[in-house]
Amino acid sequence: MQDIAASLERGRPKDLASGAQVLSGQLGKTIQRLRKAYNLSLSELAEQSGVAKSIISQIERNETNPTLATIWRLSQALDVSIERVLATADEEPFIERFSRADTPRLVSDDGKVRLAIIGWIKTVEWLQWYDVSADPGGVLESDAHQRSSVESLSVLEGSFEVEVGGEVQRANAGETLRYRCDRPHSIRCLGDGPGRATMVVIMKAAVME
């Protein structure tokens, strides 16, 4: 991010500017998706970014090749890095293998809930997923995530209870609980046996229409 920011201040070199033009087809979809995730109108995004409403509309419809300065202002208004806005998908196939020892793990304060981080590090800003194992009575307390974040807990074994904003719901094996996690929330393992689940966190719901 710092390298690109420095390039902008130096006057946007031609190689970076041409890169923005090449990526404009994907860029429009990305800007529109992020804007809708924040429930922003074109006028609201224009006000927050300082980019004219008509220009944003043209970008989303892929009718113009914006400068990197424009992309930078939009990324700041949408609270994402410019790298993420400009990112392109790698079309080369690949297979990565991670051993148990290579998989990072987190433990709840009571030591009874364990999360294996099985998500891809490249998606951590907007998508995270975990393998959850818990002892009976184990509780995972979580602070609020970023605005508009959504969490899904799919139970594989045992039973879990989720509490968000004073509301409590229970799910058994084969069931899924989906809830807003941009406020304090907790997950509790119920019953006399251990529990297992898969937890997916969509940060800022950036990929939701």
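Note that the structure is a prediction, hence the values are computed from the model and not measured.

(A) Quick peek at helix H4 (residues 42-49). Buried residues of H4: Leu45, Ala46 and Ser49, and no others. Viewed end-on, H4 has its buried residues packed into an arc of 105°, placing them on one side of the element. After H4 finishes, the residue Gly50 shows a positive phi value of roughly 80°.

(B) Spotlight on a negative patch on the surface. A cluster of acidic side chains, namely Asp109, Asp110, Glu141 and Glu163, defines a negative patch on the protein surface. With respect to the helices and strands, the residue Glu163 is situated in strand S6 (residues 159-164).

(C) Structural context of the pairing of strand S7 (residues 167-172). As paired elements, S6 and S7 share six bridges and run antiparallel to each other. Residue pairing in the sheet places Glu163 in a bridge with Val168 of S7. What sits between the antiparallel neighbours S6 and S7 is a turn of two residues, in which Gly165 has the positive phi angle 55°.

(D) Expanded view of the sheet that holds strand S10 (residues 195-202). Pairing in this open sheet of six strands is antiparallel, and the strands run S1-S2-S3-S10-S5-S8 from one edge to the other. In this open sheet, the two edge strands, each paired with only one partner strand, are strand S1 (105-107) and strand S8 (176-180). Recorded for the sheet is a direction-independent mean angle of 20° between the axes of neighbouring strands. Bridge count for strand S2 (residues 113-117) against strand S3 (residues 127-134) is five bridges, and the pairing is antiparallel.

(E) Here's a closer look at the side chain of Thr70. The residue Thr70 is located in helix H6 (residues 68-77) in this model. Exposure remark for Thr70: the relative accessible area of 11% places this residue in the buried category. Aside from chain neighbours lying at most four places away, what touches Thr70 is Val51 and Ile59.

Rules used in this analysis
- Residues numbered from 1 in each chain as written.
- Predicted model: local features only at pLDDT ≥ 70, side-chain atom pairs only at ≥ 80, totals over all residues.
- Heavy atoms only, no water.
- Buried < 20%, exposed > 50% of the residue type's maximum accessible area, 1.4 Å probe, protein only.
- Helix = DSSP H or I, 4+ residues; strand = E, 2+ residues; numbered from the N terminus.
- Arc of directions from axis to C-beta.
- Patch = residues over 30% accessible without salt bridge, like charges linked within 9 Å, V, L, I, M, F, W, Y side chains within 5 Å.
- Areas by Shrake-Rupley, 256 points an atom, 1.4 Å probe, with all protein chains shown as cover.
- Salt bridge = Lys/Arg side-chain N within 4 Å of Asp/Glu carboxyl O.
- Lys, Arg positive; Asp, Glu negative; His and termini not counted.
- Charge placed at Lys NZ, Arg CZ, Asp CG, Glu CD.
- Pairing = 2+ DSSP bridges.
- Axes fitted to C-alpha atoms, helices over the stretch in contact; angles between N-to-C directions.
- Contact = heavy atoms within 4.5 Å.

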